[in-house]
Amino acid sequence: HSPIDQVLHLSTMNHARSLSSSSSAVSSTGTVAVAEEEERPSKRSRLSGGGSDDSAQNSHSAMVENLGSSTTAAALPTSSTVAHAYVGNAVPAVASAASSGGKLQLPPTPDQLMSLEPSPRTERALKVFGPNEIPRSSTARSSSSGVPIANNPLTKSVPESNRNHLEGKDSEQRHAPNEPGNEAMHGDASSPTGSPSQNYQRQEYDEGMFVFTHALNVDPAQVPSESMRSASLLYNVGLTHVCRGKYPEARRWFELALVRISLLGANHSSSVALAMFYIYHNLGHVQYRLGRNEEAMKSYRKALALARDGKLGNLHSAACLNCIAVLLFHNDVNSDSRKVLNLFENALAVYRSHCNSNSSPHKWSSHQQQLERSARIATGTLLNNIGRVYYLDANYDKALEAYCGALEIRQALLGPNSIDVAATICNKGQTHHQRGQLDLAMDCYQEFLDLAPTRLGSNHRDIATIYKCMAEIHHEQGRLEEARTMYEQALQAGKSVLGNFHPELASTLNKLGNLYYEIQDLDTALKYYTEGLKVEQVVLEATHPHIVVTLMNIAQIHRNRGNFAAALEKYQEVHSLQMKSHGSNSLEVANTLSNIGLMQYQTKAYSEAFNFYQEALRIQRDHYGSDENLEVASTLNSIGLVLFNQGIYGLAKGCFNDSLRVRKRFLGADHRDVAILWYNIATIYLETGDDDQAIHLYKETLRVERSALGENHQDVILTLQHLGLVHQQRGELEHALNYFSQALDIERARVRNEDRGATGSASQIAVGKLLNLVGNIHLQQANVSKMMDCYAEASRIYRDWAQPNDTLVIAGYNFYGLTKLHPPSAPKA
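All of the points below concern the structure found in this document. (Residues numbered from 1 in each chain as written. Predicted model: local features only at pLDDT ≥ 70, side-chain atom pairs only at ≥ 80, totals over all residues. Heavy atoms only, no water.)

Considerations on the overall build of the protein chain
- A count of helices and strands for the protein chain gives 29 helices and 2 strands.
- With 829 residues in all, the protein chain has 61% of them scored as buried.
- Only carbon and sulfur atoms are counted for the fraction: they give 50% of the accessible area of the protein chain, which is about 30,400 Å². (Helix = DSSP H or I, 4+ residues; strand = E, 2+ residues; numbered from the N terminus. Buried < 20%, exposed > 50% of the residue type's maximum accessible area, 1.4 Å probe, protein only. Areas by Shrake-Rupley, 256 points an atom, 1.4 Å probe, with all protein chains shown as cover.)

Observations concerning a negative patch on the surface
- Taken together, the side chains of Asp439, Asp443, Glu447 and Asp450 present a region of like negative charge at the surface.
- Considering the arrangement of structural elements, one finds Asp450 in helix α11 (residues 438–451). (Patch = residues over 30% accessible without salt bridge, like charges linked within 9 Å, V, L, I, M, F, W, Y side chains within 5 Å. Salt bridge = Lys/Arg side-chain N within 4 Å of Asp/Glu carboxyl O. Lys, Arg positive; Asp, Glu negative; His and termini not counted. Charge placed at Lys NZ, Arg CZ, Asp CG, Glu CD.)

Examining the pattern of salt bridges
- What the rule picks out here adds up to 29 salt bridges.
- Across the pair Arg484 and Glu488 runs a salt bridge, and its minimum N-O distance is 2.9 Å. Separated by 4 residues within a single helix, Arg484 and Glu488 lie in helix α14 (residues 480–498), roughly one turn from each other.
- Arg730 is the salt-bridge partner of Asp691, the closest N and O atoms lying 4.0 Å from each other. Taken together, the residues span a long stretch of sequence, with Asp691 in helix α24 (residues 691–709) and Arg730 in the loop between α25 (714–729) and α26 (733–752) at a distance of 39 residues.

Details of helix α19 (residues 587–602)
- Over its 16 residues, α19 extends 23 Å from the first C-alpha to the last, a length consistent with the 22 Å expected when each residue adds 1.5 Å.
- Within two residues after α19, Lys604 carries a phi angle of roughly 65°, on the positive side. (Expected span 1.5 Å × (residues − 1).)

Comments concerning the packing of helix α22 (residues 649–667) against helix α23 (residues 672–687)
- Put simply, α22 and α23 touch, their axes get as near as 9 Å, and they point 160° apart. Our classification of the angle between α22 and α23 gives roughly antiparallel. Crossing geometry of α22 relative to α23 is assigned as left-handed. For the pair α22 and α23, contact is made by Tyr649, Ala652, Lys653, Phe656, Asn657, Ser659, Leu660, Arg663, Lys664 and Leu667 and by Asp673, Val674, Ile676, Leu677, Trp678, Asn680, Ile681, Ile684, Tyr685 and Glu687, respectively.
- Residue composition of the contact of α22 with α23, grouped by class: 12 nonpolar, 3 polar and 5 charged. (Axes fitted to C-alpha atoms, helices over the stretch in contact; angles between N-to-C directions. Parallel < 35°, antiparallel > 145°, perpendicular 65-115°, else oblique. Left-handed = near helix turned anticlockwise from the far one by under 90°. Contact = heavy atoms within 4.5 Å. Nonpolar A, V, L, I, M, F, W, Y, C, P; charged D, E, K, R; others polar.)

Quick notes on the packing of aromatic side chains
- Taken as a whole and judged by the stated rule, the model has 9 aromatic pairs.
- Taking the centre distance of 5.9 Å and the plane angle of 65° together, the rings of Phe277 and Tyr278 count as edge-to-face.
- By relative accessible area, which is 0% here, Phe277 ends up buried.
- Classification of Tyr278 by relative accessible area gives buried; the value is 7%.
- Both rings, one in Tyr391 and one in Tyr396, keep their centres 5.4 Å apart while their planes meet at 70°; by these two values the pair is edge-to-face. Residues Tyr391 and Tyr396 agree in their burial class; the two are buried.
- A connected cluster of aromatic rings, assembled from ring pairs, spans Phe212, Phe277 and Tyr278.
- Residue placement shows Lys527 over the ring face of Tyr528; its charged tip is 4.6 Å from the ring centre. (Phe/Tyr/Trp six-rings, centres within 6.5 Å; stacked < 30°, edge-to-face > 60°. Lys NZ or Arg CZ within 6 Å of the ring centre and 35° of its normal.)

A closer look at the nonpolar core
- Phe448, Ile466 and Tyr698 are the most contacted members of the largest nonpolar core, which has 125 residues in total.
- With 11 residues, the top contributor of residues to this core is α23.
- In terms of nonpolar packing, the next biggest core, distinct from the first, is built from 71 residues, Val223, Tyr280, Ala307 and Leu392 among them. (Core = buried A, V, L, I, M, F, W, Y, C linked by side-chain atoms within 4.5 Å.)

Description of the packing of helix α15 (residues 503–518) against helix α17 (residues 545–560)
- Running from amino to carboxyl end, α15 crosses α17 at an angle of 20°, the nearest separation of the two axes being 12 Å. As summarised for this structure, α15 and α17 are arranged roughly parallel, according to the angle between their axes. The way α15 lies across α17 gives a crossing that is left-handed. Here Asn510, Asn514 and Tyr517 of α15 come into contact with α17, specifically with Thr550, Asn553, Gln556, Ile557 and Asn560.
- Of the residues assigned to the contact of α15 with α17, the class counts are 2 nonpolar, 6 polar and no charged.

Details of unusual backbone geometry
- In this structure, Ala394 takes a positive phi of about 60° despite not being glycine.
- As for its placement among the helices and strands, Ala394 is situated in the loop between α8 (366–392) and α9 (396–414).
- Among the residues examined, Ala394 registers a relative accessible area of 32% and is labelled partly exposed.
- Despite not being glycine, Ala782 has its phi angle at roughly 65°, a positive value.

Some thoughts on the side chain of Thr719
- Relative to the elements of secondary structure, Thr719 occurs in helix α25.
- At 2.6 Å, the side chain of Thr719 forms a polar contact with the side chain of Glu705. (Polar contact = N/O pair within 3.5 Å; in protein donor to acceptor, adjacent residues only side chain to side chain.)

Notes on α22
- For α22, which comprises 19 residues, the first-to-last C-alpha distance of 26 Å matches the rise-based estimate of 27 Å (1.5 Å per residue) to within 8%.
- For α22, every residue scored as buried is listed here: Ala652, Cys655, Phe656, Ser659, Leu660, Val662 and Arg663.
- The inward-facing, buried residues of α22 abut α21 (630–645) and α23.
- Gly668 occupies a position one or two residues after α22 and carries a positive phi of about 95°.

Here it is as structure tokens:
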């Protein structure tokens, strides 16, 4: 065909297209890593037609499919929960075009970023998911826009915040309010490194670690031994310091008491054994509060040996078993949870045996009544502890059963306003949250907030955490304004108690970034991500996966804004960190190399892009052992795009065909990612002059898209436009008019179903563009009245939506070409 000229207003159109993301928003939970877009190669300039502006060109420019290989990630987290292991979340890592190829150019969706924390519902196991393993949920969707990043293991394969699950504290015991230095760290993932030695333990709640609170007798008439009296006095002073929260002082007095009582020798009486038991047991408690957990374990084991050897009774042994289990629960992240459960259950059986007396309560002595009450309170504490272990193992049914049992006991014995009741209600709420019972979870969270501030204060860490949990539910249910308000409350409360640098603050900042990203306020999202990154770089190790994820999120925002140089800089930072933490041959590095290649491609540095993709392909082939993998297929497609843009059509077509073969094998013939490859191959045929084969493959693209996406999908509209333009440049105007009209009908239907707003504006303008295209066909057919109707309606749309005056593009053949191709039109022309 001879070249086609345009008249009046020249407008070129690069026909390519990026598939729109099929998913929705980042959940509170958050979440979200980059889903890559796939591009299509641009067509020849002779394919230019009228009526499409730059935005239309961009959406159809360049062969589809993101130049990145598929995204497998490592983890960013989504749910902060009081008393489950850390709220800073496990973490993600890379992003690139997933096995199902993502896209470029279309407006980003919230699924393209991954939040710092895993959602309570989404990321229940912190592990790396492969492209075919991503769990289906409200925040993690496996679509052709890319596979969201999954979570990397931080300590153990558990939901975030599990290890911090609230213990509860017997309201009858006396503890002074928190004072500086009183908050010991004991192995919870909220510590900067997640190390067991730094786990934060909330002193307001009871785990059954401080159960022997009465003073020892120092009356000379009843305790004739001076060593025994002096040891008892030293112990009593230590006990006073415990009740004031002065743990270092208490430890010194207990140690002095041990020195004094040891003067009595090895053959001591049962009263001496009992006193030594109390000293060791409470020494273990203060060592635990001070973060000296190995020392605490030794003290509790000595107390257990005294209880058994001295035949002090099974209640004393049960108290030790509970304390040892609590230490194992917090400290040994690799421990067998069954072992911890066995210890808790053995202790529970002892306490329950003391709650089942056959005699009538009114006949009991005051001592019996006190013993019964203490045993029941301990039963509630143990049930709460058992619930935490089940929660940690993601056995939410068992956890909920245990919490309900604990709550019933605690409400009956401690009253509805006990802080321990509030703790169990909170834990129960988090379990509902993990089960997806969001309304029940919200009720529990609200009940906790009604009870806890009077005991903890409005700016307590756990208040901040529950604000964040409630914000996550609002976020998951689409109430974004309520979510934003509660995230900001969580941030304010967290800063007041934790300072400006803490992993939980980084988590909340990331969630705010996700929310603003979802509503496309990219400036504010970038501000929160950047602030969160500063916190993470202070409190986390340099190569921590959370830092990698936040860098990826920042890079994604720069990509969405077209600032590819800034995005490239962040991806290079990610690459440097991953090389240190994963080595040069890891899949994480391969995915980041693909993202770097994509940025080079976007800046038309095709040689550099080719080199990065080649290295990513090498790593993937070495890892998988063959090309029979969706990630390899995605990288082959990306390499094909680079070769296409360099004019190396033969090799490009070979890459596309290899990618097509793998995708058809794993995804089936009617998958949208298969349609992408048909489109790319068709475009090569069009570029090399085989228009008939190109049209045939574009029709196959259309068939697959309609099958996979439905009749009204945006990709279907774009392919219809593309077919119309191909037929228009061939002079087959009736075919062109047919395809443009089909696209126009679909776009009008979309407008009727959308609200007037940003999305409605884009759809209305798209209708105007299609009317412009149809009008140009009528111009070429000399159908002046229909032409004027189309142009007039398109102009009204452009005016209503504040488009520039020159948006309408009137284009057709030059008059000579028109008389040759369409002799009947010559007189009108």
